[in-house]
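Residue-level listing of the chains:
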Amino acid sequence: VTGVQTCALPISGRVDHSNIVEVYDVGQDGPSFYMVMELLHGESLAQRITVRQKLSPLEICQILVPITRGLAAAHKAGVIHRDLKPDNIFLCRAPDSGEELPKVLDFGISKMSMPDNEVGAGLTRQGAIMGTPHYMSPEQVRGVAIDARTDVYALGVIMYQALSGQLPFDGDNYGDLIVKILNEAPKPLGTLAPDTPPRLIEVVERAMARDIERRHASALDLGLALEAFAGNTRFDTARPSVSAPPRVATVGPETPLSTESMLPHASSARA
């Protein structure tokens, strides 16, 4: 087609996994960019939480164990999402069976990790912050180097929200929120969601640990910790491709881009 240019696939298109939305192609037609993605039917986790307010421990763990599979594959490929939130977790329904398949969406601000001796190479504006504030890790809001455990933290916030019906931190303004993320402890999950098993509360608290060294070391570790609460859902489904916790190099201070994808979302993925 005259005037249409194709582009290299975005980072999400480089990770082939059933729990990550498939991107077939991206390109530019005149001044407009486009992205060709698989057609998904279902709803986002954000929509489900809005309607239901709270999810049971079984349901949220059955959703997040598959999500950790996809993230483990991305981390193994050196990709850190950096903007995980309920809006970016899509609960697909298979047209024939109605079976639910969670998928990670929107790697728009994800970053390819680099070897340790190249961290920060070519990046600008030290201290620039990227991500959706309520789900950002303490190291992310400080604008310092991050690694895959930033995604683990975001999953912890998502679990806290799904189980309790509220976010762990909120504020009157952006600055107030950041101060709370860096300095305060959230309300005890056991008080807000008393039906949550104590051991699951421990998993959530570890995922959300302010000290990065106290968190689960990887998405794989978190997924395995959630198995005990996920019924028949097992991380082992994708174990062959992520047989050991991957070593993901840290990513230096963020490049000042938008918190959303540089390309518009395919409407079919939000259907």
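Look up: the structure comes first, before these words.
None of the values given here were measured: they were computed from a predicted structure.

Moving on: the environment of T132. With respect to the helices and strands, the residue T132 is situated in the loop between β8 (111–112) and α3 (138–141). Take T132: its relative accessible area is 18%, and that puts it in the buried class. Residues T132 and R82, 50 residues apart in the sequence, show an inter-C-alpha distance of 8.8 Å.

Our focus in this paragraph is the nonpolar core. Of all hydrophobic cores here, the largest spans 54 residues; its most connected members are L45, I60, L64 and L226. Looking at this core, the elements with two or more residues in it are α1 (45–52), α2 (57–76), β6 (89–93), α4 (149–164), α5 (174–183), α6 (189–192), α7 (198–207) and α8 (219–226). When neighbours within four sequence positions are excluded, I60 is seen to be in contact with L45, L55, M159, A162 and L163. Core analysis: the next-biggest nonpolar cluster, separate from the first, contains nine residues, V23, V26, M35 and L105 among them.

What follows concerns unusual backbone geometry. Look at Q53: it is not a glycine, yet its phi comes out positive at around 70°. A positive phi angle, near 75°, is found at R82, a position not held by glycine. Residue placement: R82 occurs in the loop between β5 (79–80) and β6.

This next bit is on the sheet that holds strand β4 (residues 42–44). Strand order in the open sheet made by the three strands is β4-β6-β7, with antiparallel pairing throughout. Two strands close off the open sheet at either side, each with one partner strand: β4 and β7 (100–104). Each strand of the sheet is rotated relative to its neighbour by a mean of 20°, with strand direction disregarded. Here three bridges tie β4 to β6, and the two strands are oriented antiparallel to one another.

The next thing to look at is the packing of α4 against α7. At a minimum axis distance of 7 Å, the contact between α4 and α7 shows a crossing angle of 135°. Regarding the angle of α4 to α7, the classification is oblique. The handedness of the crossing between α4 and α7 is left-handed. Between α4 and α7, the residues in contact are V152, Y153, G156, M159, Y160 and L163 and L200, V204 and A207, respectively. The residue makeup of the contact of α4 with α7, split by class, is eight nonpolar, one polar and no charged.

Closest axis-to-axis distance for the α7/α8 pair is 10 Å, and the angle between their directions is 165°. Taken together, the axes of α7 and α8 lie roughly antiparallel to each other. By crossing handedness, the relation of α7 to α8 is classed as left-handed. Only L222, A225 and L226 of α8 make contact with α7, whose side of the interface consists of L200, V203 and A207. Across the contact of α7 with α8, the residue classes tally to six nonpolar, no polar and no charged.

How each quantity is defined
- Residues numbered from 1 in each chain as written.
- Predicted model: local features only at pLDDT ≥ 70, side-chain atom pairs only at ≥ 80, totals over all residues.
- Heavy atoms only, no water.
- Helix = DSSP H or I, 4+ residues; strand = E, 2+ residues; numbered from the N terminus.
- Buried < 20%, exposed > 50% of the residue type's maximum accessible area, 1.4 Å probe, protein only.
- Core = buried A, V, L, I, M, F, W, Y, C linked by side-chain atoms within 4.5 Å.
- Contact = heavy atoms within 4.5 Å.
- Pairing = 2+ DSSP bridges.
- Axes fitted to C-alpha atoms, helices over the stretch in contact; angles between N-to-C directions.
- Parallel < 35°, antiparallel > 145°, perpendicular 65-115°, else oblique.
- Left-handed = near helix turned anticlockwise from the far one by under 90°.
- Nonpolar A, V, L, I, M, F, W, Y, C, P; charged D, E, K, R; others polar.

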